[in-house]
Amino acid sequence: MGDKEKLILAESVEAPDNVVKKDATLKVPWYFASGFLLFWGLLFFAVVIPYFYRLPTALTLEDAKKNVFITERAYKNLYKLSNIGNKLEGSTENEVETVNFILNELAQIHEVLLEDYFDMEVDVSRASGAFVYKTMLNTYQGVQNIAVKLAPKNTTSETYLLVNSHFDSKPATWSAGDDGFMVVTMLEVLRVIASTKQTIEHPIVFLFNGAEESAMQASHGFVTQHKWAPYCKAVINLDAAGSGGREVLFQSGPNHPWLVNYYKNDVKHPFATTMAEEIFQSGIIPSDTDFRQFNLFGNIPGLDMAQCINGFVYHTKYDLIDVIPRESLQNTGDNILGLVRGLANATELHDTQAYKSGHSVFFDFLGLYFVHYSETTGTSINYGVAGAALILIFVSMWRMAAVSQVSICHVVRWFILVLIIQIISFVLGLALPIVVAYVFDNLGLSLTYYSTPLLVIGLYVCPSLIGLALPITIYYGIQRNEKISTAYHLQLALHAQALILALLAVGITLYGLRSAYIFVIPLIFYVVSLAFNLLTTLHDRGYAWTGLLKASQIIPFLYSSYLFYIFVVVLTPMGGRSGSATNRDLYIAVLAAAGTVLSFGFLIPLINAFRKPSLVVFSLLAITAVAMYLASSTQIGFPYRPKTNGQRVAYLQVRNMFYEYDGTLSKDESGYLFSFQDRREEKPLLGTKVNLTGLVSIESDCDTYMMCGMPLYDYRFVQNRLQSKWLPRSEPIEPPASSNLEMLSKTVLNETTVRFEFNLTGPSHMSVFIQPYEDVEISDWSFLRSYLDNPPAAPLSYHIYFTYGIDSSPLNFFLEISKPDGDFNVPLFQLGASRHFIENEGDAQAVKFASSFPSYSILAEWPALYERYIF
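What comes next is a walk through the structure. (Residues numbered from 1 in each chain as written. Predicted model: local features only at pLDDT ≥ 70, side-chain atom pairs only at ≥ 80, totals over all residues. Heavy atoms only, no water.)

1. Considerations on helix α7 (residues 258-266)
Note the following rule: Relative accessibility thresholds used throughout: buried, under 20% of the residue-type maximum; exposed, over 50%; partly exposed, between the two (1.4 Å probe, protein chains only). To qualify as a helix, a DSSP run of H or I must reach at least 4 residues; to qualify as a strand, a run of E must reach at least 2; elements of each kind are numbered from the N terminus. What makes two residues a contact is simply this: any of their non-hydrogen atoms within 4.5 Å.
Taken residue by residue, α7 has Trp 258, Leu 259, Val 260, Tyr 262 and Tyr 263 as its buried positions. Along its buried surface, α7 packs onto β5 (232-240), β6 (247-253), β7 (302-307), α10 (326-344), β8 (360-365) and β9 (369-374).

And the structure:
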């Protein structure tokens with residue numbers, strides 16, 4: 001293009017009142033800059049927070065004639081169920097009282113059943129079995145399931161919808177939220193459907209399972225053994241990782257996108273995101289659900305939904321009905337009732353395999369609207385938006401060159417420089433919060449925001465904003481380009497941000513993550529605003545284009561801040577129960593930083609449209625400094641509060657007894673085995689009334705003894721064993737009940753194989769550890785063969801985790817030991833048996849020790865006997 005043509009084009013795009021020339025461009029007064037950022041902060045608190053916690057009005061019995069979910073009835077049931085107390089698997093409360101409560105409620109539902117429309121069948125079953133889970137073989141005996149089949153009258157359908165929740169509890173909790181909330185929700189949904197003249201196409205199986213907390217045993221028993229399981233073609237699994245608020249859809253399918261379509265059509269109050277699904281399946285969430293069992297062992301697709309707010313009371317004695325608002329029950333009840341009705345009439349249930357066609361991308365916007373599309377469509381959208389962004393960026397730079405009467409190469413060179421600076425800003429926006437989290441962790445100040453979530457803004461959000469703002473602000477303060485206006489330079493910075501997001505969207509899509517959509521949302525709105533600016537003269541009229549840009553970023557800002565606020569709310573309490581091996585502050589820092597970068601990426605460079613933008617940076621620095629001081633030097637930064645934000649302290653009252661090959665007792669010790677649940681470990685207890693003198697790490701014992709020579713309770717204790725600590729006690733701990741491990745027989749089967757038979761009696765929760773010596777192999781046993789063939793990685797031993805429900809008969813098992821030289825009169829293997837008396841508070845000294853903990857401590861402790869034998 002010649003100089004004459006450039007001049008003609010420049011004149012043609014000028015506004016009638018002439019273009020505001022680059023050197024004459026007027027910036028907005030400096031005092032509006034802070035107001036600009038304040039506006040977005042107020043928008044977050046005025047819109048995102050209220051909509052996040054918004055719940056529907058709870059309905060009462062006066063609304064019963066409407067054939068809708070009645071919270072008043074469900075709440076009364078929750079009160080009765082919660083007041084049964086702790087419902088530990090194997091306890092009378094779980095195996096008798098809770099079962100009777102549910103059966104009584106089912107009997108009342110049967111009384112209002114419309115028998116002209118439905119048949120209702122109740123089946124109480126017991127299951128025994130085993131499966132490999134994490135580091136252990138999870139073995140169960142006599143766990144109970146209550147299954148209710150509601151079928152349309154005279155149906156011949158052999159395709160059922162399964163709805164599941166569990167009624168058992170973790171130790172020391174009344175479990176109103178986990179999972180009494182979902183149990184009573186299911187009862188009310190069943191009642192409404194059974195008493196309404198609204199037919200269904202497929203039978204519905206409502207499964208109330210009695211053993212989920214011991215690693216999902218009852219659901220495994222149902223899906224592998226129950227007579228109705230083969231006919232269940234889809235599942236709605238209902239669980240909890242919190243108490244109160246809205247339930248989130250965090251797993252779908254897999255590979256059945258049609259299920260999400262029913263969620264969209266039938267759920268009144270949507271709350272879901274693909275990103276939650278991918279984060280959960282990555283393993284960073286210290287939880288699992290029955291959904292795993294139905295997928296893995298039954299090949300049943302479905303939807304996994306759970307309470308997720310106020311996880312501070314999850315699995316604690318404070319999981320009470322008092323913290324659950326009635327409106328929360330209404331929210332979940334409305335959703336589950338609609339969803340169950342929708343899926344019970346789904347034509348896809350007739351042949352689910354025919355609709356197995358990839359994953360879905362799904363998310364809600366402030367609970368107001370639900371968006372979903374197939375992964376294939378998502379890929380096309382991601383590539384299309386990224387491509388459109390690149391094209392419009394080029395067109396914009398071409399316009400800049402024409403209006404500024406410079407070559408396109410000149411603009412591109414400046415764009416490359418700005419792109420490098422914007423990449424630095426992007427990286428700093430992510431890195432600075434991580435640095436803060438790392439430094440605070442090294443100073444022993446993890447979880448300072450645990451009880452004061454506003455500190456997240458000062459500790460992580462403001463440093464991220466500083467990282468985003470500082471490089472580009474310095475650049476605009478020193479750059480002197482007389483050929484391209486400052487307004488154009490600012491557009492180049494936003495183009496650079498768009499290019500970064502486009503590349504991230506493409507790269508993450510190629511990697512196979514559906515969460516790439518989070519980069520596309522702000523990008524697509526930027527592309528739309530850029531297109532409008534290019535179609536008008538706004539693009540070339542100083543800072544006139546910023547108005548449309550700001551308006552276009554309102555929706556992306558609301559969504560991005562809403563999405564990442566969800567994860568901060570959900571993951572913050574999880575930091576208090578994830579063990580001490582990892583710095584969970586890094587997770588919160590990364591989430592806060594990512595949310596900030598996506599929410600403000602197109603906004604923070606606009607502070608350079610104001611005079612003295614450095615004042616904004618200094619204001620952010622001041623806020624960060626104040627937050628750091630409050631977090632590190634005042635009580636505000638202390639993580640724990642009584643009842644609401646307690647410190648979880650898990651320990652066992654241990655008696656260890658080691659017997660040698662000749663039967664002599666070589667070691668008899670008592671003490672407390674601590675498995676600390678968060679990064680601060682015992683530090684918050686120092687200086688309190690708790691006497692921790694003599695507390696030592698057991699890491700060296702893990703190199704010496706089988707399974708550290710301790711009664712490690714379950715896979716979590718095993719995974720956290722190197723961080724566990726031992727506090728010796730001089731007075732022996734006496735087991736509160738009798739238990740026994742007896743070798744019944746030792747039989748030589750052939751020249752190289754001998755068979756041992758054992759009998760183990762004790763409480764409902766026990767473990768067996770087995771470790772053969774060198775040149776010795778376990779060739780067969782009575783446990784699951786696949787675990788024998790694929791043992792846990794060294795130095796771990798075989799871990800047989802055993803629990804029972806209603807059936808307390810002894811555990812009988814055999815081991816067949818092979819030794820090439822046939823010498824069986826020498827030590828062949830170690831066998832350890834641990835018994836956990838979970839419902840017992842221990843002896844007087846243990847009770848006194850427990851009472852010495854501060855009021856913010858939430859204890860999970862019980863006596864445990866560990867005996868190690870050599871055979």
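2. Overview of the pattern of salt bridges
Under the convention used in this document: When a carboxyl oxygen of Asp or Glu is within 4 Å of a side-chain nitrogen of Lys or Arg, the pair counts as a salt bridge.
Following the criterion strictly, the structure yields 27 salt bridges and no others. The shortest N-O distance in the salt bridge between Arg 191 and Glu 105 comes to 3.2 Å. In this pair, Arg 191 is assigned in helix α5 (residues 176-194) and Glu 105 in helix α4 (residues 92-111), connecting sequence segments 86 residues apart. Here Asp 668 and Arg 655 are joined by a salt bridge, their closest N and O atoms 2.7 Å apart.

3. A few points about the packing of helix α17 (residues 554-574) against helix α18 (residues 585-600)
What counts here: Whenever a helix is involved, its axis is fitted only over the stretch in contact; in every case the axis is a line through C-alpha atoms, and angles between N-to-C directions fall within 0 to 180 degrees. Any angle that falls under 35 degrees is termed roughly parallel, while one over 145 is termed roughly antiparallel, one within 65 to 115 roughly perpendicular, and all others oblique. Residues are grouped as follows: Ala, Val, Leu, Ile, Met, Phe, Trp, Tyr, Cys and Pro are nonpolar; Asp, Glu, Lys and Arg are charged; every other residue, Gly included, is polar.
The interhelical angle for the contact between α17 and α18, taken along N-to-C directions, is 175 degrees, at an axis separation of 8 Å. Regarding the angle of α17 to α18, the classification is roughly antiparallel. In contact with Phe 557, Ser 560, Ser 561, Phe 564, Phe 567, Val 568, Leu 571 and Thr 572 of α17, α18 contributes Ile 588, Leu 591, Ala 594, Gly 595, Leu 598, Ser 599 and Phe 600. When the residues that make up the contact of α17 with α18 are grouped by side-chain class, the tally is 10 nonpolar, 5 polar and no charged.

4. Considerations on helix α6 (residues 217-225)
In terms of burial, α6 is largely enclosed, as 7 of its 9 residues are buried. Buried within α6 we find Gln 217, Ala 218, Ser 219, His 220, Gly 221, Phe 222 and Val 223.

5. Description of a nonpolar patch on the surface
Counted only if it meets this: By definition, no residue in a patch forms a salt bridge, and every one has over 30% relative accessible area; like charges are joined within 9 Å, nonpolar side chains (Val, Leu, Ile, Met, Phe, Trp, Tyr) within 5 Å. Using a 1.4 Å probe, accessible areas were evaluated by the Shrake-Rupley method; residue-level cover was limited to the displayed protein chains.
Residues Val 28, Trp 30, Tyr 31, Phe 32, Leu 615, Phe 618 and Leu 621 make up a contiguous nonpolar surface patch of about 690 Å² in total accessible area. Those elements giving two or more residues to the nonpolar patch turn out to be α2 (31-52) and α19 (614-633). Counting residues per element, the nonpolar patch draws most heavily on α19, at 3 residues. For Tyr 31, the position within the fold is in helix α2.

6. Quick notes on the sheet that holds strand β19 (residues 811-818)
In plain terms, the rule: Pairs of strands are assigned from DSSP output, requiring at least two bridges between the strands.
Read across the sheet, 4 strands follow the order β14-β15-β19-β17 without closing on themselves; strand pairing throughout is antiparallel. The open sheet has two edge strands with one neighbour each: β14 (740-750) and β17 (777-781). When strand polarity is set aside, the average angle formed by the axes of neighbouring strands in this sheet is 25 degrees. In the sheet, β17 pairs with β19 via 4 bridges, with the strands oriented antiparallel. The partner of Trp 781 across the bridge, within β19, is Leu 815.

7. A closer look at the packing of helix α3 (residues 71-82) against α10
Cut-off, in case you're wondering: For a crossing to be left-handed, the near helix must be turned anticlockwise from the far one by less than a right angle; the clockwise case is right-handed.
As a packed pair, α3 and α10 sit with axes 9 Å apart at the nearest point and diverge in direction by 115 degrees. Considering the angle they form, α3 stands roughly perpendicular to α10. Between α3 and α10 the crossing geometry is right-handed. Judged by residue contacts, Thr 71, Glu 72, Ala 74, Tyr 75 and Leu 78 of α3 engage Arg 326, Leu 329 and Gln 330 from α10. Taken together, the residues of the contact of α3 with α10 break down into 4 nonpolar, 2 polar and 2 charged.

Honestly, it's all geometry; don't read function into it.
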